[in-house]
Amino acid sequence: MDTTGKKTIILFSGDFDRAMAAFIIANGAAAMGDEVVMFFTFWGLNLLRKPEKVETKDKKSTLQAMFGKMMPKGTGHLGLSKMNFAGAGAPMMKKVMKDAGAMSLEDLVDSAREQGVKFIACTLSMDILGFKEEELIDGLEFAGVAAYLGEADEANVNLFI
Amino acid sequence: MDTTGKKTIILFSGDFDRAMAAFIIANGAAAMGDEVVMFFTFWGLNLLRKPEKVETKDKKSTLQAMFGKMMPKGTGHLGLSKMNFAGAGAPMMKKVMKDAGAMSLEDLVDSAREQGVKFIACTLSMDILGFKEEELIDGLEFAGVAAYLGEADEANVNLFI
Amino acid sequence: MDTTGKKTIILFSGDFDRAMAAFIIANGAAAMGDEVVMFFTFWGLNLLRKPEKVETKDKKSTLQAMFGKMMPKGTGHLGLSKMNFAGAGAPMMKKVMKDAGAMSLEDLVDSAREQGVKFIACTLSMDILGFKEEELIDGLEFAGVAAYLGEADEANVNLFI
């Protein structure tokens, strides 16, 4: 089977810089005509959270509610993996990105979706962290590791970021 | 050569959350019938350490003894890569995992071994960090990067975690 | 196409320990006769910086100059991803490496180049961080994500470190 037409990326990290790298690769591959699948797990799920508070039907545990409160909602408040400077690093990085004419993370996410990149939210991580489907952005697929492995078997580049 | 029946994972990280991700993937692939090889290097070696203190035949250097003392022994005391809260993060994560009915890291390691996942301990990292074979859990293979590359050449998914 | 003769590594991290892992794999693969391509992006670019201050033709923004000053120049001053001990961790790690007879990071970089490993500096990251070609070591290629993907399509092991 020719697998060069497909790429998968596990986005485990919720760091701004690592998410940027993941989306630049995803967009690049999609622009070259490849099918791209992104599998969001653990901290990476934070990127998929709606920025506003959502009332969930099912209750969360106290710890889940606490994790949910302390972790960033969406792409707007992610920190840097290095030189975060107590939160000042990411805004500075965004400024140099903008000055350099680079796409913002928000634009990269939008572009990835427009190009048909498939977003899969890891259901096991959702169960653990207490994230409900209605708290995450629209248009996602929800699946577990078996789905990821099925996608990866059809791809030739499989990255863990 | 059809390589879809084999996966390799380099576990470089000794973080609880990254180790969880690695073992969930390894178990998932093994459950689907794939051969899985995990190559433990650098901080990832900590997962393979016996929890008790082991007298080693060969002496360690002062620095090696110090690294050995400061790093976690086995899967029980790993920290989170994010939101570690001075060590409180991992117990909280374990609690939400348990509440969600997810397998513990210990169970995932046991399950991986029962499913025949091959564990290779990186001998170069062992030499550097001063880890002796008798300090690590039983049933490991000991090898270097050449062995890893040989395994990876037979696999279609090769992740660095 | 047989892709087992080629490997690619994205070095995103600028941590000493992760860079060590990347170069050990790169050297191992090259020694086994594989073509190896390393793509340096984000913090990984720091490894390619000349250790001395270089006057650049094009001006940098204030933020770029600040990032440039705060980030390590070359392989000599990288920190550890864990147990960095305010900078003392890396020298201690280098000491145990030397005692164990392991190659230094500098030797690994030199060896990689002598073995023909291709170094590509990510031009988008350079634009963002304000790194100019004359500030980086000689013998690099300069390219973007499309070049990386082209290389990866010819390889069977593609790691993100």
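Just above, that's the structure.
Structural notes, computed from the coordinates. (Residues numbered from 1 in each chain as written. Chains lettered and ligands numbered in written order. Predicted model: local features only at pLDDT ≥ 70, side-chain atom pairs only at ≥ 80, totals over all residues. Heavy atoms only, no water.)

**Describing the relation of the copies chain B and chain A**
- Once chain B has been moved 0.0 Å along the axis and rotated by 120°, it coincides with chain A to within an RMSD of 0.0 Å. Expressed as a symmetry operation, the mapping of one chain copy onto the other fits a three-fold axis.
- Little of the interface of chain B is mirrored in chain A: 17% of its interface residues are interface residues there too. (Least-squares fit on C-alpha atoms with pLDDT ≥ 70 in both. Contact = heavy atoms within 4.5 Å.)

**Description of the pattern of salt bridges**
Residues and elements named next belong to chain C.
- One pass over the full model with this rule turns up 27 salt bridges over all chains.
- When the shortest N-O distance is used, the salt bridge between D34 and K7 registers 3.1 Å. Remark: K7 occurs in strand β1 (residues 6-11) and D34 occurs in the loop between α1 (16-31) and β2 (35-40); sequence separation between them is 27 residues. Both residues of the pair, D34 and K7, belong to the buried class.
- In this structure, K118 engages E151 in a salt bridge whose closest nitrogen and oxygen atoms are separated by 2.8 Å. (Salt bridge = Lys/Arg side-chain N within 4 Å of Asp/Glu carboxyl O. Helix = DSSP H or I, 4+ residues; strand = E, 2+ residues; numbered from the N terminus. Buried < 20%, exposed > 50% of the residue type's maximum accessible area, 1.4 Å probe, protein only.)

**Thoughts on the packing of aromatic side chains**
- On inspection of all chains with the given rule, the structure shows 18 aromatic pairs over all chains.
- For the pair F12 of chain B and F42 of chain B, a centre-to-centre distance of 5.2 Å together with 35° between the ring planes defines the contact as tilted. A residue pair is termed long-range when its members are at least 10 positions apart, and F12 of chain B in the loop between β1 (6-11) and α1 (16-31) and F42 of chain B in the loop between β2 (35-40) and α2 (62-70) qualify at 30 residues.
- Owing to a relative accessible area of 1%, F12 of chain B belongs among the buried residues under this scheme.
- An aromatic cluster is built from F12, F42 and F160 of chain A, whose rings are joined through pairwise contacts.
- Lying across the ring of F119 of chain B, R113 of chain B places its NZ or CZ 4.9 Å from the centre. (Phe/Tyr/Trp six-rings, centres within 6.5 Å; stacked < 30°, edge-to-face > 60°. Lys NZ or Arg CZ within 6 Å of the ring centre and 35° of its normal.)

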